[in-house]
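# Chains, contacts and geometry: an overview
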Amino acid sequence: MPPPPPPPPGRLRWADVPAPLRARLEAALGGVVAEVRTPDGGFGHQLAAVLLLDNGRRFFVKAAPDDDPLTVGNLHEAAVLGALPPRAPAPALVGVHHRAGWTAVVVAHLDGPHPDLSPGSGDATVVRDLLAGLTADPAPAAYRAAVGNAPSGVARLHGWDVLLADPPDDLPVELRSLLPLLAAVEARWPSSAGGDRIVHGDLRADNMVRDRFRGVMFVDWAHATTGPACVDAVSLAPQLVLAGHEPAAVARLLDEHPAATADPEATTAFLAALCGHWRLNARRPAPQGAPGLRPYQNRAAAAGLAVLLHRLRR
Ligand SMILES: Nc1ncnc2c1ncn2[C@@H]1O[C@H](COP(=O)(O)OP(=O)(O)OP(=O)(O)O)[C@@H](O)[C@H]1O
Ligand SMILES: [Mg+2]
């Protein structure tokens, strides 16, 4: 068997977790950790690993110190996983453990690769259909309670306004001339961002796993919130371009997706806000332990902008 792919650089390892928390996890999960695998995917610096126990069982665990901002996200994810409706494509929450100033969230293990979103694969259609199902009805009360009333990061995304106010010298001329339009479209997002549907909020291929029994599942619910139905369908659009789809074809897919047809204005505004956020943040210094984030944001901004321009030119 080939060796597993290397973990993303900068991730905490199982050995970095304080011994009392490791012991607590082994006691709670009923076995001794025989092997630890760090899946590829993601940009975080926390522990995100599959624990293989000596009794043959497997669990997925995320852990970080309590004063690490990622712990807030992990606890939010745990609350969300415990409150999603059974039809949601998500793994079950197994437990939350606190020891020695660290917190670990344990989730049912999913067995498989990231879905293949490229044009030749059926996974893109599967994801599109999953999103239609997930957003067809209002979020249940338990989910709304879990995500709370705090304004979500999704609703606050923007970036073109900042670039317009002080355009960087190295911004390509074509993009510079589009800034007033992009900032105006993006400005409509905050007033469209309210809604009662389940929003994953960070949908990318590496935040999905194609489990060999359950099919494609969404993981990494740390940014989950409520909002208009279109949010995750819009987030998927640049990912499809990055996976090799033509921007024009993705724009057509978005035109036809039930989550987007419900509110075309919000769809366009959120796509603009998301691309603006990526374009602006790609210029900032890389956060510690996440060297791949800024290059990804650059690629994603270009991919999303290509789809957005198709929408705006119609
Ligand atoms: N339940 C699971 N079973 C198996 N593998 C999983 C499971 N959940 C996530 N993974 C894998 O672990 C990787 C990292 O997990 P996750 O995305 O939840 O955290 P993160 O990458 O730290 O967050 P971010 O995407 O914000 O950087 C995922 O890309 C996926 O490959
Ligand atoms: Mg992730």
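Preceding block: the structure.
Residues numbered from 1 in each chain as written. Chains lettered and ligands numbered in written order. Predicted model: local features only at pLDDT ≥ 70, side-chain atom pairs only at ≥ 80, totals over all residues. Heavy atoms only, no water.

## Some words on the nonpolar core
- Grouped together as the largest cluster of nonpolar side chains are 68 residues, with contacts concentrated most on Leu84, Trp160, Phe218 and Trp221.
- For this core, the leading source of residues is helix H11 (residues 264–281), giving 10 residues.
- Built from parts of two domains, this core gets at least three residues from each of domain 1 (14–108) and domain 2 (123–312).
- Those residues in contact with Phe218, other than ones at most four positions away along the chain, are Pro89, Ala90, Pro91, Val127, Leu130, Leu131, Leu134, His200, Leu203, Asn207 and Met208.
- Counting residues in each nonpolar core, the second largest holds 16 residues, with Trp14, Val61, Trp102 and Val106 among its members. (Core = buried A, V, L, I, M, F, W, Y, C linked by side-chain atoms within 4.5 Å. Buried < 20%, exposed > 50% of the residue type's maximum accessible area, 1.4 Å probe, protein only. Helix = DSSP H or I, 4+ residues; strand = E, 2+ residues; numbered from the N terminus. Domains from an automatic or database assignment. Contact = heavy atoms within 4.5 Å.)

## So, the site of ligand 1
- For ligand 1, the set of nearby residues contains 21 residues, the closest of which are Arg11, Phe43, Lys62, Asp206 and Asp220.
- Between ligand 1 and Lys62 there is a distance of 2.7 Å, counted from an oxygen atom to a side-chain nitrogen or oxygen.
- Arg204 places a polar side-chain atom, nitrogen or oxygen, 3.0 Å from an oxygen atom of ligand 1.
- For ligand 1, the protein covers 93% of the area, taking 610 Å² as the surface of the free molecule.
- Broken down by class, the residue content of the shell around ligand 1 amounts to 8 nonpolar, 7 polar and 6 charged. (Near = heavy atom within 4 Å. Polar contact = N/O pair within 3.5 Å; in protein donor to acceptor, adjacent residues only side chain to side chain. Areas by Shrake-Rupley, 256 points an atom, 1.4 Å probe, with all protein chains shown as cover. Nonpolar A, V, L, I, M, F, W, Y, C, P; charged D, E, K, R; others polar.)

## Some points on the environment of Gly304
- If you trace the backbone, Gly304 turns up in helix H12 (residues 293–312).
- Here the alpha-carbon distance between Gly304 and Thr268, two residues 36 residues apart in the chain, equals 11 Å.
- Discounting residues that sit within four places of it in the chain, Gly304 has contacts with Pro238, Leu271 and Cys275.

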